[in-house]
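Breakdown of the fold
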Amino acid sequence: MRYRQLTTGTLALGVLLLIDVLRVWLPGIITIFGQAASTPAELMGAFALGWFVLAMGAPAVVRRVGARPVTVVAAVALAVARLALTAAPGGRTQLWLATAGLLAGLVWLVGVAADTDRPVPGLALGFAVNAAVHAVLDTVDLVWRGDWVAWLLSAVAVAVFLAGTAQPGQRGGAANALADAPDGLADAAAGPGGGRAWLLAGPALLLAGMVALSPALARTGMSYLVAGDGVARSPLFGLAPVPVAVAGFLCAALTRPPRGWGRAYGPVALLGGAVLFALDRGDLLLPAILLAAVGLGACLALTDDTSQSAADTASAGASRRGYAVAAGMLVFALGAVGYYSAYDLGYPNAAVPVVVAVLIAAVAFTARPVADRPPGPFPPLRAAAAVTALALLAPVLADEVPVASNRDGPPERLTVVAYNIRMGFGLDGRFDLAGLAEVVERQRPDVVLLSEVDRAWLLNGGHDTLDLLADRLAMPYVFGPAADPVWGDAVLSRWPVRDPRTLPLAAVGAPTGAQALAVTLDLGDGVRTAVVSTHLQPPPGTGPVVQARAVADFATRYAAGRPLVVAGDLNTEPGDEAFAEFTKAGLVDALAAARPLATSPADDPRQQIDHIFVSPGLTPSDPVAPRGTASDHLPVAVTVTLPPR
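To keep things clear, this report deals only with the structure shown in the data block.

**A word on unusual backbone geometry**
Here the amide bond leading from Arg595 into Pro596 is cis, since omega sits at -5 degrees, within 30 degrees of zero. When you line up the elements, Pro596 lands in the loop between β10 (588–589) and β11 (610–614). The omega torsion of the bond from Ser600 to Pro601 falls at -10 degrees, within 30 degrees of zero and hence cis. A positive phi angle is found at Ala474, which is not glycine, with a value near 55 degrees.

And the structure:
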């Protein structure tokens, strides 16, 4: 009962399309449904979970109508939604297209599960190919590119997926034996196995996207190895760990697991990787990725074609697989919502990836070993080598390292831009790197300070927004972690940067973490200027006074008499107590000549909460807040004249 290559390939391609839809739908909850964080986190969570709960009804529909009609209809809906999203329409149209695609994808998975009792090869290839393609595309998926190449490749993927789904003999495992039987009989004849593997589809997708197969996280981990001291810098070949993770994952997932206690290596490795990730340390990200990748693949292998009791009927097995995959995807939603909503609601979330890893490990390790497992659809080493070869293109094609130089220095003036980039998503919910870069480039900046920088959150699509923007601006970066190692603030500079330091700020009741990142610009001939980037997080109902005082003190001590620039989204307005902490420290409001200078929200600015402060030796001029909707904030920019030498 050889598992057909067509079935495996179609399942892998469908998983890839579903992940593409998720990369649009997940950030849409925040940027479109949430509308600039004005919607309560509880309501956004309920919206997200509701669709996965609704999908729990799909197995009953499959049982009544038959797997094949449901699978075909859902596949068409998924394909249409995925292709329509390539237009990146933005706004509620984008949100509802992605929602329709998500629900269709969940129903499609349930229909496929009813007919497929050996899903591990297809799931594993889907996860791995998605990671490899995501890396080659520099973490910007075809959905967000919108050019003719994106349309062509998207159309080809959709066409091949639909062609595979349309084949009347599409069956898996034991169902192949009755592929020529009437639809109803063949649907009921699917083998009894596969329930554990389908149950793990959702949890495995969560850990693959968060840790094990995340190209953005791999690059972020590499960037921490460059600088040390808790900060990150532009790495060389930042995507190099991706082929290693992909190869380890596929080799573990597609080969026969060891017997006896050797079967424990996968669960132990997965737990180890989840624990390292949960420690929130940038220098531990790479071992976390590699351990989680191998462990996740090995856990999937333990569930591959496991047997059930002889009392289980084929019909019951098909029904159980449908409920198993629906429940597993609900675990995905619960884990994602539970983990990322903690940054809005303020509760600890480190246990979430560990709990999900424990679930996967327990389900895998307690699976009964198969005495004589039939061969898979593809030779394991060849399949792993092919996908790894694709992933190996990423460090060559997608890695760029901008280089700073002070050979024309020291300058007389510096142009400074501070920008809250909202993870790269504009007011319409589109991932808009071009819009961000355009509004910054118009100012011809020497140094750019960024807030709300996301480098790998699955919730926001798994992009490394900082590296992507640094490439577009041709400016290397220094990154300071705030909420966790992949969320924080950054400084991009055309001049070499020295002595980076970061100061974690007390939460004082605010849910999201905050920090202050200090760097020294080497302008040549011994001229140095200190720059501090921060994003203050006010506690509920009050201003960020405590954090403002800490940043002002840290910045002035770090500068030690040198010229100083402090900027960012400070969440305080002129005249507020927190604003006064900077002026008390002897700093000057560089935007004073243009007041009032509102920066939020971007489409109708009413609040003056983004600021630039300078030390008295610097003379500010030309303050401006350029208009644009590539974020929910406007940037602020000013040119400062350096003191005479």
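So that's the structure; there's more coming.
**Some details on the pattern of salt bridges**
Going through the model one piece at a time under the given rule, you end up with 21 salt bridges. Here Arg455 and Asp464 are joined by a salt bridge, their closest N and O atoms 3.0 Å apart. Asp464 shares its class with Arg455; the two are buried. Overlapping salt bridges, with partners in common, bring together Asp138, Arg219, Asp399, Arg455, Asp464 and Asp467 in one network.

**Topic: helix α8 (residues 148–166)**
The end-to-end C-alpha distance of α8, which contains 19 residues, comes to 27 Å, matching closely the 27 Å that a straight helix rising 1.5 Å per residue would cover. Looking at α8, one finds that the buried residues are Ala150, Ser154, Ala157, Val158, Phe161, Gly164 and Thr165. Down the axis of α8, the smallest arc covering the buried residues is 130 degrees, so these residues share one side. Among the structural elements, α1 (5–33), α4 (67–85), α5 (91–115) and α7 (142–145) are those in contact with the buried residues of α8.

**A few points about the sheet that holds strand β2 (residues 413–420)**
An order of β1-β4-β5-β3-β2-β13-β12 is seen for the seven strands of this open sheet, with the pairing classed as mixed. Looking at which strands have only one partner, the edges of the open sheet turn out to be β1 (232–233) and β12 (619–624). Bridge analysis of β12 against strand β13 (residues 636–641) gives four bridges, and the strand direction is antiparallel. Paired with Pro620 across the strands is Val640, a residue of β13.

**Points about the packing of aromatic side chains**
Across all of its chains, the model carries 21 aromatic pairs by this definition. Among the aromatic side chains, those forming a connected cluster through ring pairs are Trp25, Phe33, Phe47, Trp51, Phe52, Trp96 and Phe332. Seen from the ring of Phe479, Arg455 lies directly overhead, with NZ or CZ sitting 5.2 Å from the centre. Sitting above the plane of the Tyr558 ring, Arg562 keeps its charged end 5.4 Å from the centroid.

**Some remarks on the sheet that holds β11**
Read across the open sheet, the six strands follow the order β6-β7-β8-β9-β11-β10; overall the sheet is mixed. Two strands lie at the open edges of the sheet, namely β6 (497–505) and β10, each paired on one side alone. As defined by bridge partners, β6 adjoins strand β7 (residues 514–522) across seven bridges and the pair is classed as antiparallel. From the neighbouring strand, Leu505 faces β7, where its bridge partner is Ala514. Across the sheet, helix α23 (residues 577–584) is in contact with β9 (564–569), β10 and β11; its angle to β11 comes to roughly 15 degrees.

**Re the pairing of β11**
The element β11 is extensively covered by neighbouring structure, given that five of its five residues are classed as buried. Burial of β11 is two-sided: the residues Asp610, Ile612 and Val614 facing one way and the residues His611 and Phe613 facing the other way are all buried. The pairing of β9 with β11 spans five bridges and is classified as antiparallel. Bridge pairing links Ala567 to Ile612 in β11.

Analysis parameters
Sequence order as written defines residue numbering, which begins from 1 separately in each chain. Where totals are concerned, whole chains, interfaces and linings use all residues; where local detail is concerned, this predicted model gives features only for residues with pLDDT of at least 70, and gives and counts side-chain atom pairs only at 80 or more. By convention in this description, side-chain values take in all heavy atoms of the structure and omit both hydrogens and water. For helices the rule is a DSSP run of H or I covering at least 4 residues; for strands it is a run of E covering at least 2, with both sets numbered from the N terminus onward. A side-chain nitrogen of Lys or Arg and a carboxyl oxygen of Asp or Glu constitute a salt bridge if their distance falls within 4 Å. Working definition: with a 1.4 Å probe on protein chains only, accessible area under 20% of the residue-type maximum means buried, over 50% means exposed, and in between means partly exposed. What a helix is expected to span follows from its residue count: subtract one and scale by 1.5 Å. To be clear, the arc concerns the directions from the helix axis to the C-beta atoms. Should any heavy atoms of two residues lie within 4.5 Å, those residues are counted as being in contact. In this analysis, strands are considered paired if DSSP registers two or more bridges between them. By convention, a stacked pair of Phe, Tyr or Trp rings (six-membered ring in the case of Trp) has centres within 6.5 Å and planes under 30 degrees apart, an edge-to-face pair has planes over 60 apart, and any other such pair is tilted. Counted as over-ring charges are cases with an Arg CZ or a Lys NZ within 6 Å of the ring centre that also lie within 35 degrees of the ring normal. Between N-to-C directions, angles cover 0 to 180 degrees, with each direction set by a line fitted to C-alpha atoms, over the stretch in contact for helices.

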